[in-house]
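Next come the chains, spelled out residue by residue.
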Amino acid sequence: MKEYYIYKLKNVDLQERVKHFQPDFDFNIDFGYLIIHFIIQSMAYKIDKTYSDVYKPYIPLSSILLQSYNHDYRNHIRYLGENFPSIGNILERQNYREGRSYSYRLRPFYQNVQLEPYLITDRFLSRKLKSNSLKDVPIEIRKNCNFLVNCFDSELLTIDFQKALDLNSDELEEKGNLKKYFVNAFKILKIKNGEYHMSLNPLTDGRFHSNITGFPKQFRKFLKYNGEKLAEIDISTSVPTFLYYFLQNYKSNSSSHIKNIIKDKEYYNHYMLVKDSVSLDNIEIHSFGNKILNGLLYRDFQLKLQEFHALEDTYHDWQFNEYFFPQLSDANCSKTLRIRDLTLREAKSALLSMLNAKNGTFNLEEISFKDSFPTILKFVKSFKKGNHLNFSRLMLQMESYFMLNIIARRLSNKFKKKLPFFTLHDCIVVVESKIDVVYDFMEGTFETELGFIPVMKIKTWD
């Protein structure tokens, strides 16, 4: 039977407490730790990033839930809240009020204490916890991408539990972000216990969400599948890549892919209006695609954005100097542009933020993009009129359509479901030994379906 772990606080030792202050009932050590675990788990999603009030909220505990694990739950909670001589209590209680059950929080002595794993040895509790963690796969998953479900196998997908927890503790000591520490701790624990969640909403982003998609990058190196390291194939410049495909094909009626993506979407009528009203320059689209496929889009945008930042800075400085030092007018006019340092990562973030934000939110970014691609910017801004989410959802749904319905589905069919893999938005994650096979498959499939091969990168999770 697979083990089941929960978290306890490092400075809580219920065995010692029971030894010195014996309860007058049959106290279950595992259940006592489980009560504390439930409080910490709920707290993880409520606390702030600062230490000041992180433990202030009281956490309601469902009597129905607790009773399902132990009929004598009330005495267990009372014991944990008992103020014993010299050691005090562990829990503080907020009394019942209408519409809210009894709520609890950790006594200050136990606050800001790191977590450690605790193995549930009580067989009834272990079985109960495992059965409660087995959730039905949502109907949208069964309907659209059921082929991804079987890869989530707790016997095959494993994590180096202790090393992941050690790194999480190190990050807490370095950065002091308690909320992230708790949230990451429970993400690690869910993988360890084989508690998987999956979701998909075709009407919003269309993405497949799971433990893998939400797992922090720094802990991925601790994951293995059937004892083997994992690696990813990532589409570089994903949003611009699928935008390029869309711009190439949206006017024609020959792309069944675009029809499949757009149909039944709330922005369909708006899409048809933009399609009929905005004219795109084919040479401009070709230039846009060349920059993407040659890995130059973000670099060229970086240089262009730096120029406009410099122009903005110079303009304001020129006004200031012209007003206060008119005798230096000639020198002001010939002033050298002051280039603002802008990293490639910042440029990428700025471009994607501009594409997804409300029109006019990133004016300098719009001007910089317009300098190279005026009709493409006009198309994007027209698509975002009324509701800027229309465009971002379109791009996410395009990415999801090709990654889930084309690449992932065909990959599963080609290898008869014998090649395990995961999707991570615009990535395919597979065991390292199969990375080249999957890369070649993706290249050929994209060339057939998109008409070009996107720039893709391989990265091993180590």
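Criteria and cut-off values
- Throughout, a residue's number is its position along its own chain's written sequence, starting from 1.
- Reporting of local features is limited, given that this is a predicted model, to residues whose pLDDT is at least 70; pairs of side-chain atoms are given and counted only at 80 or more, and all residues count toward the totals for whole chains, interfaces and linings.
- In computing side-chain properties, one takes all heavy atoms of the structure into account and sets aside hydrogens as well as water.
- Residue burial is assigned from relative accessible area. The probe radius is 1.4 Å, only protein chains are included, and a residue is buried under 20% of its type maximum, exposed over 50%, and partly exposed in between.
- Numbering of helices and strands runs from the N terminus; a helix is a DSSP stretch of H or I covering at least four residues, while a strand is a stretch of E covering at least two.
- For two strands to be treated as a pair, DSSP must find no fewer than two bridges joining them.
- Joining through side-chain atoms within 4.5 Å is the link that ties buried Ala, Val, Leu, Ile, Met, Phe, Trp, Tyr and Cys residues into a set, and such a set is a nonpolar core.
- Patch criteria: residues need more than 30% relative accessible area and no salt bridge. Like-charged residues are merged within 9 Å; nonpolar side chains of Val, Leu, Ile, Met, Phe, Trp and Tyr are merged within 5 Å.
- For accessible areas, the Shrake-Rupley method is used with a probe of radius 1.4 Å. Any residue's cover is judged against the shown protein chains and nothing else.
- Here, a salt bridge means any Lys or Arg side-chain nitrogen found within 4 Å of an Asp or Glu carboxyl oxygen.
- His is not counted, nor are the chain ends; Lys and Arg add positive charge and Asp and Glu add negative charge.
- Charged groups are reduced to one reference atom each: NZ for lysine, CZ for arginine, CG for aspartic acid, CD for glutamic acid.
- We define a polar contact as two N or O atoms separated by no more than 3.5 Å, with the added condition that, inside protein, one atom must be a possible hydrogen donor and the other a possible acceptor, whereas residues neighbouring each other in sequence contribute only through side-chain atom pairs.
- Whether two residues are in contact is decided by their heavy atoms, any of which lying within 4.5 Å being enough.
- Fitting a line to C-alpha atoms yields each axis, with helices limited to the stretch in contact; the angle taken between N-to-C directions then spans 0 to 180 degrees.
- Any angle from 65 to 115 degrees is called roughly perpendicular, while one under 35 is roughly parallel, one over 145 is roughly antiparallel, and all others are oblique.
- For any pair of crossing helices, the crossing counts as left-handed if the nearer helix is rotated counterclockwise from the farther one by less than a right angle, and right-handed if it is rotated clockwise.
- Note on residue classes: Ala, Val, Leu, Ile, Met, Phe, Trp, Tyr, Cys and Pro are nonpolar, Asp, Glu, Lys and Arg are charged, and everything else, Gly too, is polar.
- In this analysis, the expected span of each helix is defined as 1.5 Å times one less than the number of residues it contains.
- Values of bend correspond, residue by residue, to the angle between axes fitted over the seven residues ending at that residue and the seven starting there.
- Two rings from Phe, Tyr or Trp (for Trp, the six-membered ring) form a pair when their centres are within 6.5 Å of each other. A pair whose planes differ by under 30 degrees is stacked, one over 60 is edge-to-face, and the rest are tilted.
- Here the arc refers to the directions that run from the helix axis out to each C-beta atom.

A.B. asks: Break down the pairing of strand β10 (residues 228-235) for me, citing the residues and quoting the values.
C.D. replies: With six of eight residues buried, β10 is to be regarded as a mostly interior element. What sits between the antiparallel neighbours strand β9 (residues 223-225) and β10 is a turn of two residues, in which Asn226 has the positive phi angle 55°. Pairing between β10 and strand β12 (residues 427-431): five bridges, direction antiparallel. Residue pairing for β12: Ala231 is matched across the bridge by Val430. Pairing of β10 with strand β13 (residues 456-460), which is carried by five bridges, proceeds in the antiparallel orientation. Following the sheet pairing, Asp234 is matched in β13 by Lys457.

A.B. asks: Just give me the short version of the nonpolar core, but keep the residues and values in it.
C.D. replies: Within the largest apolar cluster, 145 residues are counted, with the highest numbers of intra-cluster contacts made by Phe288, Phe379, Phe402 and Met442. The element best represented in this core is helix α18 (residues 389-414), accounting for twelve residues.

A.B. asks: Please give an account of a negative patch on the surface that cites residues and values.
C.D. replies: Where like charges cluster on the molecular surface, the negative patch consists of Asp166, Asp170, Glu173 and Glu174. Relative to the helices and strands, Asp170 resides in helix α7 (residues 161-175).

A.B. asks: A description of the pattern of salt bridges should follow, citing residues and the corresponding values.
C.D. replies: By the definition in use, this model includes 13 salt bridges. In this structure, Glu195 engages Lys190 in a salt bridge whose closest nitrogen and oxygen atoms are separated by 3.7 Å. Here Glu195 falls in the buried class, since its relative accessible area comes to 12%. When the shortest N-O distance is used, the salt bridge between Lys291 and Asp300 registers 3.4 Å. Both residues of the pair, Lys291 and Asp300, belong to the buried class. It is possible to trace a salt-bridge network through shared partners that takes in Lys291, Arg299 and Asp300.

A.B. asks: Explain the sheet that holds strand β4 (residues 103-106) to me, using residue names and the numbers behind them.
C.D. replies: Pairing in this open sheet of three strands is antiparallel, and the strands run β2-β4-β3 from one edge to the other. Two strands close off the open sheet at either side, each with one partner strand: β2 (59-60) and β3 (91-94). Taken together, the two bridges between β2 and β4 define a ladder with antiparallel strand orientation. Its bridge partner being in β4, Pro60 is matched across the sheet by Ser103.

A.B. asks: Any chance you could break down the side chain of Ser382 for me, citing the residues and the numbers?
C.D. replies: With respect to the element layout, Ser382 can be found in helix α17 (residues 374-384). Ser382 gets classed as buried once you look at its relative accessible area, which sits at 13%. A polar atom in the side chain of Ser382 sits 2.8 Å from the backbone oxygen of Lys378. In this structure Ser382 touches His270, Val274 and Val278, once residues within four positions along its chain are discounted.

A.B. asks: Please provide a residue-by-residue account of the packing of helix α9 (residues 238-249) against helix α12 (residues 282-293), values included.
C.D. replies: Across the interface, α9 lies against α12 with an axial gap of 10 Å and an inter-helix angle of 155°. Judged by the angle between their axes, α9 and α12 are roughly antiparallel. In this structure, α9 crosses over α12, and the sense of that crossing is left-handed. Contact residues: α9 offers Pro240, Thr241, Leu243, Tyr244, Leu247 and Gln248, while α12 offers Ile285, Phe288, Gly289, Ile292 and Leu293. Its residues assigned to classes, the contact of α9 with α12 comprises eight nonpolar, three polar and no charged.

A.B. asks: Tell me about the environment of Ser372, residues and numbers included.
C.D. replies: Note on placement: Ser372 falls in helix α16 (residues 363-372). If we ignore the near neighbours within four places in the chain, the residues touching Ser372 are Glu284, Lys291 and Lys304.

A.B. asks: Any details on α18? Residues and values, ideally.
C.D. replies: Here α18 is 26 residues long and its end C-alpha atoms lie 35 Å apart, about the 38 Å a rise of 1.5 Å per residue gives. Of all bends in α18, the biggest is about 25°, found at Ala408. Of the residues trailing α18, Lys416 is marked for its positive phi of about 55°.

A.B. asks: Can you tell me about the packing of aromatic side chains, naming the residues and giving the values?
C.D. replies: The relative placement of two aromatic rings is captured by the distance of their centres and the angle of their planes. Enumeration over the complete set of coordinates arrives at 28 aromatic pairs. Plain terms: the ring middles of Phe152 and Phe422 are 5.0 Å apart, the flat faces sit at 70° to each other, and that makes the pair edge-to-face. One end of the pair, Phe152, is in the loop between α6 (139-145) and β6 (157-159); the other, Phe422, is in strand β11 (residues 421-424), and 270 residues separate them in sequence. Comparing Phe152 with Phe422 shows no difference in burial state: the two are buried.

A.B. asks: Please provide a residue-by-residue account of the packing of helix α2 (residues 29-44) against helix α8 (residues 178-193), values included.
C.D. replies: The contact between α2 and α8 brings their axes to 9 Å, and the two run at 120°. Here α8 runs oblique to α2, going by the angle between their axes. The hand of the α2/α8 crossing is left-handed. Residues His37, Ile40, Gln41, Met43 and Ala44 of α2 form the contact with α8, whose participating residues are Lys179, Phe182, Val183, Phe186, Leu189 and Lys190. Taken together, the residues of the contact of α2 with α8 sort by class into seven nonpolar, two polar and two charged.

A.B. asks: Which residues make up helix α5 (residues 123-133), and what are the values?
C.D. replies: All buried positions along α5 are accounted for by Leu125, Ser126, Leu129, Lys130 and Ser133. The buried side chains of α5 occupy one side of the element, clustering within an arc of 130° when seen end-on. Those residues of α5 hidden inside the fold are in contact with α2 and α3 (63-69). Taking the backbone nitrogen of Phe124 as reference, a side-chain oxygen 3.0 Å away marks Asp122 as the first, capping residue of α5.

A.B. asks: Please give an account of a positive patch on the surface that cites residues and values.
C.D. replies: Taken together, the side chains of Lys217, Arg345, Lys348, Lys457 and Lys459 make up a positively charged region of the molecular surface. Contributions of two or more residues to the positive patch are made by α15 (344-356) and β13.

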